[in-house]
Amino acid sequence: MDEKTKVPEEKKVLDETTISLDLATQEMYKKAAENGLDTMWDRKAALKTQCGFGEQGVCCRICQMGPCRVSPIPGKGVQKGVCGATADVIASRHYARMVAAGTSAHSDHGRHIAHVLHSIRPDGDYKIKDEKKLLNLAAAWGIETEGKDIYAIAHELSEAALYDFGRPFGNMTLPTSLPEQRKAVWQKNKLQPEAIDKEVVSILHATHMGCTADAESMINLSMRTSLSDGYGGSYIGTQFSDILFGTPMPRELEMNLGVIDKGMVNIVLHGHDPSLSEMIVLASEDPELKALAKEVGSEGINLVGVCCTGNEVAMRHGIKTAGSFNQQELCIATGAVEAMIVDVQCIFPALAPLAKCFHTKFITTSSTARITDAMHIEFDKDNALECAKGIVRVAIENYKNRAQDKVSIPDYKQVSRIGYSNEGIINQLNLVVNSYTHKPGTFEPLAQCLVSGVLRGAAGVVGCNNPKIKGDSSHVTLIKELLANDVIVVVTGCAAQAASKAGLLSDDAIKYCGEGLRKVCELADIPPVLHMGSCVDNSRILNLVGEVAKILGLDMSELPVVGAAMEWMSEKAVAIGTYVVTSGIDTFLGVIPSVTGSPEVTDILTNRLENSVGAKFFFETNPEIAAEKILARIEEKRTHVDALNNQRMNVPGYDDLTPAGF
Ligand code: XCC
Ligand code: SF4
């Protein structure tokens, strides 16, 4: 065993019931810790009390006159840094930089997918899987498609999108789902993003020593930057992935550590960018490699996913999911993983020393995420399939090095229904209700369920795991409360995986639902919690809310919908939360962001934003109280749909407007 990864003798194994709600996670953590392996929970405990100044956002190290840490209490202690920056300035700059980093992560991912789309050719490894979406998006970007070759259109579209990253003049293209009222709000508040890269560069400029020193202006810039993520980088990432790899449709799969198979060559896919994992999926079906897997004595190749790459391949190919963010180390700790292949984001550096305790090959593939002590095989999109085959071969050939007696796989897996892209949801609604609505292909039935009050509202429960919170517990508690109160829930990212493990993505979860939601689920044949994909797929939720608002003639801020990230940890989550609020949707954060050292910044985020964009943040660590507040907010926001409902009830022929059965 590597000395660096050993748990010091005196260190206690933590009580496993405190680290996660999930039994597979508890079991695997306990085994790992007893075997002297070091995981995120042990390292969190070793850090003891985390830095209070950092936690409140009042430590500035933006220039080398600092670091300056100022008092988080107004009027007490040191109030200003060397340059005179106050807690308000310091905390708001820190917030802006989180938004910038999060936006850049999503957007660079989106850019990569756009480049893949630009590289496709008829005889290449990547194909166009969703031609209809390609044509729709081309139209949205103002590209003439009549009589043109489909590949030429793809190239033109990707060029147009890539142009939006660095657009020197004007404003970037916005999705057609965006209601006019929302655009007007942005115009009024100078929030329309110009170009994706430009927003990130400009806000980094604004946070440089000696630039913006006004909290409100800083938060406004943060909002504008975040929009270039939600409606730019993430949107491009999602939509172009659909064109290339197929738009997800409803399907069933198994999820949790138990999907790792003792008899097979196990390959774990981890990260965010699906361009490599798509090719790994293809490579794993290669007859030669399948034969090789048998030759080495295994029963075959078993691909499983973790985090958002896991979500991407699950949604499109039904590849099983082994776990979420807080289970990445536990996958390796099963001792049964031949290779963990990672691309970008949310990858623990700790995986490298951990893999060395086993036979596992830890393979990095992107120059954006190289990790000391990992095996690096740079992924080349122009030689994608060969590259993927090479990586799969490494995994297969590693099977013989596995110590079967060290293998320990928790026997937990949960069948879940996933794949609810917007198109997937519409399809599902149409399958069941188009005979009533006579309007195939829209969110009309969903909109009418909200108006009539059969559904009180909708919530997007998204984001990470964070060892500050017992794993999955806040996600799951909140979701159950919402279901009981007839709030339909959509999930993405690690929150989706939490819901899956807890059995909430199944028909069985209907037992948690209130009367109205149960009826909707039964009629539409959907689970009450809809898995919409990875974190860039939060852009799907924006489209969904935008479309429903347009159907009802309302602004997005006038709908009874909320967002919640109860266990978030990454800068990407800050960017997401910010674009959701800027879209007019209240957002509940279950981990308090590092801004509380500035009462001014806290007040802007949790109060004043409502005046400009019609929504705000709520900081609430207790999921039960968060649920109460969400339900209260939903009822408050229902005034607009209730007014519509009253109007319609007074119209002769009202019954025609409500889908029968709802
Ligand atoms: Fe990462 Fe997307 Fe967070 Fe999970 S939810 S820990 S960002 S993998 Ni996005
Ligand atoms: Fe200190 Fe101001 Fe420099 Fe920040 S920018 S480190 S507050 S002197």
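The shown structure was predicted, so the numbers you read here are calculated from the model rather than taken from an experiment.

Hey, could you go over the pattern of salt bridges for me, with residue numbers and the actual values?
One pass over the structure, following the stated rule, counts 40 salt bridges. Two residues, Glu27 and Lys31, come together in a salt bridge whose shortest N-O distance is 3.6 Å. A residue pair is termed a helical-turn pair when its members lie 3 or 4 positions apart in one helix, as Glu27 and Lys31 do in helix α1 (residues 23-34) at 4 residues. With a relative accessible area of 35%, Lys31 lands in the partly exposed category. What you see here is one network of salt bridges that share partners, running through Lys133, Asp242, Glu312, Arg316, Glu423, Asp537 and Arg540.

Provide a residue-level description of the site of ligand 2, including the pertinent values.
In the neighbourhood of ligand 2, the contacting residues comprise Cys60, Ile62, Cys63, Met65, Gly66, Cys68, Gly81, Val82, Cys83, Ala85, Arg93 and Met209. Taken together, the residues that form the shell around ligand 2 break down as 9 nonpolar, 2 polar and 1 charged.

Requested: an account of unusual backbone geometry, with residues and values cited.
For the bond running from Gly66 to Pro67, omega is 5°, close enough to zero to count as cis. In this fold, Pro67 is placed in the loop between β1 (59-60) and β2 (68-69). A positive phi is found at Lys190, a non-glycine position, where the angle reads about 55°. One can find Lys190 in the loop between α7 (180-188) and α8 (196-207). Of the residues examined, Lys190 reaches a relative accessible area of 65% and is grouped as exposed.

Please provide a residue-by-residue account of the site of ligand 1, values included.
As a matter of local geometry, ligand 1 sits amid His272, Cys307, Cys308, Phe325, Cys346, Gly463, Cys464, Cys494, Cys535, Met569, Ser570 and Lys572. In terms of residue class, the shell around ligand 1 is made up of 8 nonpolar, 3 polar and 1 charged. Taken domain by domain, the makeup of the shell around ligand 1 includes at least three residues from each of domain 2 (257-406) and domain 3 (417-657).

Mind laying out α1, listing which residues take part and the relevant values?
Relative to the 16 Å expected for 12 residues at 1.5 Å per residue, α1 spans 17 Å between its end C-alpha atoms, a close match to the ideal helical length. Here α1 has its buried residues at Ala24, Thr25, Gln26, Met28, Tyr29, Ala32 and Ala33. Where α1 ends, the next residue or the one after it, Gly36, has phi of about 85°, a positive value.

I'd like to hear about the domain arrangement of the protein chain, residue by residue, with values.
Domain parsing of the protein chain yields domain 1 (83-245), domain 2 (257-406) and domain 3 (417-657). Counting residues at the interface gives 42 residues for domain 1 and 41 residues for domain 3. Note on domain 1 versus domain 3: buried area summed over both sides is about 3400 Å², and carbon and sulfur give 62% of it. Counting the contacts that link domain 1 with domain 3 gives 4 salt bridges. One salt bridge connects Asp242 with Arg540, and the closest N-O pair in it is separated by 2.7 Å. The tally of links between domain 1 and domain 3 comes to 20 residue pairs in polar contact (both at pLDDT 80 or more). The set of elements that each furnish at least two residues to the side of domain 1 that touches domain 3 consists of α4 (87-119), α7 and α9 (215-245). Split by residue class, the side of domain 1 that touches domain 3 holds 19 nonpolar, 16 polar and 7 charged.

Cut-offs used in this document
- Per chain, the residues get numbers from 1 upward, laid out in the order the sequence is written.
- Whichever chain is written first becomes A and whichever ligand is written first becomes 1, with later ones labelled in order.
- The model is predicted, so local features are restricted to residues of pLDDT at least 70 and side-chain atom pairs to those at 80 or more, both for listing and for counting; the totals for chains, interfaces and linings are taken over all residues.
- Values reported for side chains reflect all heavy atoms of the structure, with hydrogen atoms and water molecules removed beforehand.
- A carboxyl oxygen of Asp or Glu within 4 Å of a side-chain nitrogen of Lys or Arg is what we treat as a salt bridge.
- Numbering of helices and strands starts at the N terminus; helices are DSSP runs of H or I of at least 4 residues and strands are runs of E of at least 2.
- Burial here depends on accessible area, computed with a 1.4 Å probe over protein chains only, as a share of the maximum for the residue type. Under 20% is buried, over 50% is exposed, and the range in between is partly exposed.
- Note on terminology: near, applied to a residue and a molecule or strand, indicates that one of the residue's heavy atoms is within 4 Å of it.
- Each residue is assigned to one class: nonpolar for Ala, Val, Leu, Ile, Met, Phe, Trp, Tyr, Cys and Pro, charged for Asp, Glu, Lys and Arg, and polar for all the others, Gly among them.
- An automatic or database domain assignment supplies the start and end points of every domain.
- Helix span is expected to be 1.5 Å times the residue number reduced by one.
- Whether two residues are in contact is decided by their heavy atoms: any pair within 4.5 Å suffices.
- Buried area adds together the accessible area that both of two parts lose upon being put together, with accessible area traced by a 1.4 Å probe.
- Counting of polar contacts relies on pairs of N or O atoms within 3.5 Å, with two restrictions inside protein: one atom must be capable of donating a hydrogen and the other of accepting it, and residues adjacent in sequence are counted only when both atoms are side-chain atoms.

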